[in-house]
Amino acid sequence: MATSTAAPSNDQPSHGTSRMLHPVAMMLLIILIAIGLTYVLDSGEFQRHEKLVVPGTFHLIDKDRDLSALVNPNPPKSTAEHAYPASIFSAVSSIPVGLTKSAQLVFMVMFIGGMFGVLRKSGALDAGIDRLLNLTKGNVYILTPVLMLAIACGSTFLGLVSEYLVIIPMMLILAKRLNLGPLFATALVAIAAKIGYLASVTNPLALVIAQPIVGVPLLSGAGLRLIIFVLYLVIGIAYLLLYVKRTGYTLPTELNRETRLSAQHLMVLAIVAISIVMLIIGTSVWHWGDTQLGAFYIFEGMLIACVARMSMRIACEAFVDGMKGMMLAALLIGLAKAVEIILHDSLVLDTVINHLAGIVEGRSRIFAAEGMVFIQMVLDVLIPSTSGKAAISMPILGPIGHLSGVSGQSVVLAFLFGNGLTNMITPTSGMLLAYLATGRVNYTAWLRFILPLFAILTVCSIVIMAIAVETGY
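Thresholds applied
- Residues numbered from 1 in each chain as written.
- Predicted model: local features only at pLDDT ≥ 70, side-chain atom pairs only at ≥ 80, totals over all residues.
- Heavy atoms only, no water.
- UniProt positions renumbered as here; feature names shortened; annotations may be inferred.
- 1 Å grid on protein atoms, 1.4 Å probe; cavity = no way out; pocket = protein on both sides within 12 Å on 5 of 7 lines; lining within 4 Å.
- Points joined across faces, edges and corners; volume = space filled by probe spheres on them.
- Helix = DSSP H or I, 4+ residues; strand = E, 2+ residues; numbered from the N terminus.
- Nonpolar A, V, L, I, M, F, W, Y, C, P; charged D, E, K, R; others polar.
- Core = buried A, V, L, I, M, F, W, Y, C linked by side-chain atoms within 4.5 Å.
- Buried < 20%, exposed > 50% of the residue type's maximum accessible area, 1.4 Å probe, protein only.
- pLDDT = per-residue confidence, 0-100.
- Contact = heavy atoms within 4.5 Å.
- Patch = residues over 30% accessible without salt bridge, like charges linked within 9 Å, V, L, I, M, F, W, Y side chains within 5 Å.
- Areas by Shrake-Rupley, 256 points an atom, 1.4 Å probe, with all protein chains shown as cover.
- Salt bridge = Lys/Arg side-chain N within 4 Å of Asp/Glu carboxyl O.
- Polar contact = N/O pair within 3.5 Å; in protein donor to acceptor, adjacent residues only side chain to side chain.
- Expected span 1.5 Å × (residues − 1).

Labelled according to an unreviewed UniProt entry, the protein appears under the name YfcC family protein, originating from Glaciimonas soli. Recorded in UniProt under Subcellular location (unreviewed entry), the annotation for the protein is "Cell membrane".

See the structure below:
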């Protein structure tokens, strides 16, 4: 049988034996909180032009708040005339609906695991990592900046995020060789990817919707975002290396200095290198979605199996075992989507954005701009989808920013800051939970680790936001 895609930590219990709340249980708890919000919050709705809200059209909708609806086995659906809170039955139904709506991403994640299972079974990955460690003499202070820079560049320039799930198991192997725990491996990928997305120098996924809505040219304003990217990445790298130093890290002495890569290993690693180039071309030029990416990972797994001369049975077992290793990550993505569905079906999301927008309307430029950052941070908890958040918030905040003297470019910057910062910590982010599940890192342990960095970057973002407004960015 194939080696598991992500071995449990040596210094913390697995999810099954941990005293901490299991990530699935945590998501179920969040779903219960979402049910409660549908009773507490008013229901309302903006008119929409396609998927974009129309400013100034918000209106409240009558809602039945009878608590007996909580156990209604056949709850009515909310309409433009009357809204209903969620019931236990509708909330449970939202879980398969969330998995269905996220099906393309869910299966892509599982196919990543399958491909990695075949790659690990070939032995080329372990041999390649050993060779890398020998070339760098296992110096984590060299490896960390180089790897984080490469990951962050893919995120900030191309919008790569879910694709990096396949990197985390590789980093787990690297961390094990360096006598570092899974938290280091997961943080190396997550911090770099999240900072890259936060800056979004030319990230098409974040900018293609947000910038046109507020009337600024697509991909414009990249100069300041590039400065932010460099600054934040330096902070992120320094933060992770400080963590390594505080753990009492010492250079491993048992590295295999005689590691040699066979011709077969070199061919497999060449396929992996070429696949990375193909992923970049596919996502940025051919506009591949989750379906095409999933198919690509299946094909890559088949190609690796052929080059490694695996029998069909061994290759299939490795692929299936790899998929099993991603099952939790895939499930968490669907559960996170269920939270958004519950709030959406009870028509409370528009109410939230309307009330939040009212806080900054008519305020000073600085207050309005910095308030928008915090509005986007709140919305990121309720609407983890970047494109969905842009569609509901930018048409509202854009005009408010214009009346307050905040340029459209600065409104976009506030959107990027809010979206990127909260994505580091929010438990409703299916992708963050997928990262943690793949790396076998408990959410509570992640929060303890990441909160200081989150606070530092939040303060920096508020300062930069004020500078951007004052300089007319």
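Brief notes about the layout of surface pockets
Roughly 800 Å³ of volume is contained in the second largest pocket. Residue lining of the second largest pocket: 28 residues in total, with Leu147, Ile167, Met170, Val272 and Ile276 positioned closest to the centre. With seven residues, the single largest contributor to the lining of the second largest pocket is helix H10 (residues 263-284). When the residues that make up the lining of the second largest pocket are grouped by side-chain class, the tally is 23 nonpolar, three polar and two charged.

As for the nonpolar core
Core analysis: the biggest nonpolar cluster contains 163 residues, and Phe417, Tyr435 and Trp446 have the highest contact counts within it. When residues in this core are grouped by element, the largest group, 14 residues, is from helix H7 (residues 182-199).

Let's talk about the confidence of the model for the protein
Per-residue pLDDT for the protein averages 89, and the proportion of residues at 70 or more is 94%. This stretch, residues 1-18, has a pLDDT under 50; its non-local contacts, to residues over four places away or in other chains, come to 37 contacts.

Quick notes on a nonpolar patch on the surface
Residues Leu21, Leu29, Leu32, Ile33, Val71, Ile88, Phe89 and Val92 make up a contiguous nonpolar surface patch of about 730 Å² in total accessible area. Elements with a minimum of two residues in the nonpolar patch: helix H1 (23-40) and helix H2 (88-101). The exposure class assigned to Leu32 is exposed, which follows from its relative accessible area of 52%.

With respect to the pattern of salt bridges
Counting across every chain of the model gives ten salt bridges. In this structure, Arg177 and Asp130 form a salt bridge, with 2.6 Å as the shortest nitrogen-oxygen distance. Residue Arg177 is found in helix H6 (residues 167-177), and its partner Asp130 is found in helix H4 (residues 124-136); the two are separated by 47 residues along the sequence. Given the relative accessible area of 22%, Arg177 is considered partly exposed. Put simply, Arg120, Asp126, Asp130 and Arg177 are held in one network by salt bridges that share partners.

Regarding the side chain of Arg120
Relative to the helices and strands, Arg120 resides in helix H3 (residues 103-122). Reaching out from Arg120, the side chain makes a polar contact with the side chain of Asp126 at a distance of 2.7 Å.

Describing helix H12 (residues 312-325)
Helix length check: H12 (14 residues) gives 20 Å between terminal C-alpha atoms against 20 Å at 1.5 Å per residue, within 8%. Looking at the buried residues of H12, the elements they touch are H3, helix H11 (290-307) and helix H13 (327-345).

Quick notes on the environment of Leu67
Summarising the element assignment, Leu67 is placed in the loop between strand S4 (59-63) and strand S5 (82-83). On the accessibility criterion, Leu67 (62% relative accessible area) is exposed.

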